[in-house]
Protein chains: 2
Amino acid sequence: MPMSNVCEVLTLADICAYLKERDNYVVLTHTNPDGDTLGSAYGLKLGLKKLGKRVQVVCCDEIPHKYDYFIDDSECDFVPETVVAVDVADIKLLGDLYERFEGRIDLNIDHHVSNTHYANRLYLDADAAACAECVYEILDELGIEFDRDIANALYTGLSTDTGCFKYGNVTDRTHRIAAKLYRIGVDASEINRIMFDTKSKSRVQMEMMVLNSAEFHFEDRCMVMAITLDVQRKTGCSRSDMEGVPPMSRSVEGVLAGVTLKENREGEFKISLRTYAPLDASAICGKLGGGGHKAAAGCTVIGSLEEAKSAILAAVKEALEELDAGSDIT
Amino acid sequence: MPMSNVCEVLTLADICAYLKERDNYVVLTHTNPDGDTLGSAYGLKLGLKKLGKRVQVVCCDEIPHKYDYFIDDSECDFVPETVVAVDVADIKLLGDLYERFEGRIDLNIDHHVSNTHYANRLYLDADAAACAECVYEILDELGIEFDRDIANALYTGLSTDTGCFKYGNVTDRTHRIAAKLYRIGVDASEINRIMFDTKSKSRVQMEMMVLNSAEFHFEDRCMVMAITLDVQRKTGCSRSDMEGVPPMSRSVEGVLAGVTLKENREGEFKISLRTYAPLDASAICGKLGGGGHKAAAGCTVIGSLEEAKSAILAAVKEALEELDAGSDIT
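On a predicted model such as this, the values are computed, not experimentally measured, just so you know. (Residues numbered from 1 in each chain as written. Chains lettered and ligands numbered in written order. Predicted model: local features only at pLDDT ≥ 70, side-chain atom pairs only at ≥ 80, totals over all residues. Heavy atoms only, no water.)

S.K.: So what exactly am I meant to see when it comes to the overall build of chain A here?
M.R.: Summing up its helical and strand segments, chain A has eleven helices and twelve strands in all. Over its C-alpha trace chain A gives a radius of gyration of 21 Å, about what one expects of a compact globule, namely 20 Å for 330 residues. With respect to the three principal axes, the spread of C-alpha positions in chain A is 60 × 45 × 40 Å. Residues counted as buried form 53% of the 330 residues belonging to chain A. In chain A, the share of contacts with a sequence separation of at least 24, taken over all contacts with a separation of at least 6, comes to 66%. Summing over all exposed atoms, chain A offers an accessible surface of approximately 14100 Å²; the carbon and sulfur share of this is 48%. Both charge centroids of chain A, one from 35 positive and one from 54 negative side chains, sit 2 Å from each other. (Helix = DSSP H or I, 4+ residues; strand = E, 2+ residues; numbered from the N terminus. Rg over C-alpha atoms; globule rule 2.2 N^0.38 Å. Buried < 20%, exposed > 50% of the residue type's maximum accessible area, 1.4 Å probe, protein only. Contact = heavy atoms within 4.5 Å. Areas by Shrake-Rupley, 256 points an atom, 1.4 Å probe, with all protein chains shown as cover. Lys, Arg positive; Asp, Glu negative; His and termini not counted. Charge placed at Lys NZ, Arg CZ, Asp CG, Glu CD.)

S.K.: Before we go on, may I ask you to explain the relation of the copies chain A and chain B in this structure?
M.R.: Relating one copy of the chain to the other requires a rotation about an axis plus a shift along that axis. The two copies are related by a screw motion: chain A maps onto chain B through a turn of 180° and a shift of 0.0 Å along the axis, at an RMSD of 0.1 Å. The superposition operator between the copies reduces to a two-fold rotation axis. Among all residues of chain A, the minimum C-alpha distance to the rotation axis is found for His175(A), at 2.6 Å. Most of the interface of chain A is mirrored in chain B, where 100% of its interface residues again form contacts. (Least-squares fit on C-alpha atoms with pLDDT ≥ 70 in both.)

S.K.: What am I meant to see in the packing of aromatic side chains here?
M.R.: Working definition: an aromatic ring pair is given by the centre-to-centre distance plus the angle between the planes. Counting across every chain of the model gives 13 aromatic pairs over all chains. On the numbers, 5.2 Å between centres and 90° between planes, the contact of Tyr69(A) with Phe70(A) is edge-to-face. For Phe70(A), a relative accessible area of 3% gives the class buried. Ring geometry for Phe165(A) and Phe165(B): centres 6.1 Å apart, planes at 70°, overall edge-to-face. Within this pair, whereas Phe165(A) is found in the loop between helix H5 (148-161) and helix H6 (172-184), its partner Phe165(B) is found in the loop between helix H5 (148-161) and helix H6 (172-184), the two belonging to separate chains. (Phe/Tyr/Trp six-rings, centres within 6.5 Å; stacked < 30°, edge-to-face > 60°.)

S.K.: Help me understand the sheet that holds strand E10 (residues 268-275) of chain A, please; the structure alone is not making it clear to me.
M.R.: Across a sheet, paired strands are connected by hydrogen bonds in the backbone, their directions being either parallel or antiparallel. Residues and elements named next belong to chain A. One open sheet holds the six strands; their spatial order is E7-E8-E9-E10-E12-E11, and the pairing between them is mixed. Looking at the sheet topology across the chains shown, the edges are occupied by strand E7 (215-217) and strand E11 (291-292). With three bridges joining them, E7 and strand E8 (residues 222-227) adopt antiparallel strand pairing. Looking at E8, one finds that Glu215 is bridged to Val224. (Pairing = 2+ DSSP bridges.)

S.K.: What is the right way to look at the sheet that holds strand E6 (residues 121-124) of chain A in this model?
M.R.: All names here are of chain A. Spatially, six strands are ordered E1-E6-E5-E4-E2-E3 in an open sheet, and the strand pairing comes out parallel. A strand with exactly one partner marks an edge of an open sheet, and here the two such strands are strand E1 (8-9) and strand E3 (55-58). One ladder, built from three bridges, connects strand E4 (residues 82-86) with strand E5 (residues 107-110); its direction is parallel. Its bridge partner lying in E5, Val86 is registered against Ile109. Packed on one face of the sheet, helix H1 (residues 12-21) meets E1, strand E2 (25-28), E4, E5 and E6 and runs near 135° to E5. On top of the sheet, helix H4 (residues 131-141) reaches E4, E5 and E6; it is set at about 115° to E5, its chief contact. (Axes fitted to C-alpha atoms, helices over the stretch in contact; angles between N-to-C directions.)

S.K.: When you look at the environment of Asp23(B) in this model, what are you seeing that I'm missing?
M.R.: All names here are of chain B. Inspection of the secondary structure puts Asp23 in the loop between helix H1 (12-21) and strand E2 (25-28). Assessed through its relative accessible area of 22%, Asp23 is described here as partly exposed. In this structure the C-alpha to C-alpha distance between Asp23 and Leu48, which are 25 residues apart in sequence, comes to 9.0 Å. Sequence-distant contacts of Asp23, that is, excluding residues within four places in its chain, are made with Gly52, Lys53, Arg54, Glu81 and Thr82. In this structure the side chain of Asp23 is engaged in a polar contact, spanning 2.9 Å, whose partner is the backbone nitrogen of Arg54. (Polar contact = N/O pair within 3.5 Å; in protein donor to acceptor, adjacent residues only side chain to side chain.)

Structure representation (structure tokens):
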């Protein structure tokens, strides 16, 4: 097994040459798989199959049923030769597959600027709104004829990673690719209904309990919401029911910092922070040992709800005070 | 004043010739103006100004402040010559301007298939997801150089009429136009934040009260929500705070018919119905004297909340029973 620490950075032409040459692919997604890692993996699988390649997708976690419409379960017997990780910025995000594949990732296709260059070869496009954008470019360059299944997989990646073309990561290319996928017959409105407009009753109940107990701090510039184990038990909400809650904490007028505390287990809270500029979520969470992006970051705090809340509120307060001091000077 | 009943249907070339020839424009929007009628009107104004034309936009209602970023208030003194209505499917939608302009609309630019052909000239593109798509095509055909202000106005129309590219009215053209507007430098993520991700505290409180009292009927296939005068008073929510509530009624898994009852005044309810196929919202509301589209329709019922609810529930029940009978046969 190659255990090389050198990561070769590939151009679009390089990766296409490599993909044509190799066969017997295992495509890995990240843990707790979302629409982009899955859409990219299955889009790539369906595309490579059109080149006559053998491909299987492997994920350490169960794939939520809402993605069934593009999951290609066709299996074929082969000895894995080429390991590709898609939308996986750090090898640790492989979850339980980490140890099995450490040092053995032949190719990594990604769009995270924070990519740790853990693979032997890397195709990175940090301007891509979604990893599915990278996969689209690759399949297009390979001259593969897109069909509706590929379109549905890639559109799911584009759409879910951009909040349906809402966020700041969208570029004209994102829309150009979407236009192309429409021409191929993508089931976009149905996909968006499943991804954005369908909530379970448990989810609705959970949202209500969480909003009922929401708090506002620092002249309403900080909103705090908690999904305690108690709330999770009472509403019976699943992990996928809890996705998409953190952006709600930033959606009230005037709020600059939205905090969501999710109790993972008794006395352990995963904190998600969403901010608006100039507040830097990554810097704030960094004070508690976490990190992320400017507008979205996270950290984990051990302690009671009150302790976790105090810790993150202290960090937010400091950032708001720096902001106020700054605006006094200018 | 011409009171002709003949409505000349224009091609793209026709309307461009007409717009070049005329001057001193008054552009009318529909009542209770939304992002598409306003984005189309101001996009057209800014575009025609680039041809050296004099243009003013007139709306019978106050324009919500959230649209300030593309409102062009520059006035110039001129005697109105050419009256254009944009995104106005029926002359009655001019509200208080109806009487003043009846029979005097020189040109109507619209995308509603239900357009009543009330104007002297009509440019209708029923395939356009938003009227802003029509205005884009017109300005493009006129060879106008787009700038960021025009892009912001037109993008607002595209984005708000499609739920940010989420709904079934989106086509590849919608995305192609969006891509073009990105290249011009549209402030898309900021616009989407204002349009989709910013709620007032009153709105959040109203949503919670409405969801707290939501009811489920007919094996959870129908969800009913009420925004009573009491809720409106207690939360202090404005008319614009109440926009976007009806789609919530259809967002719970398994719901085929979502009913929102908004109490307009003591004993009068505006009912909004949202359905999923095969339920036909327009047919159901038709039974109560209303109408609309297949997936979104409305009607007004005089009576108490209980009476209004019974009336619409009876109509929904009938439709569901027809559906069940139909599926027994097949």
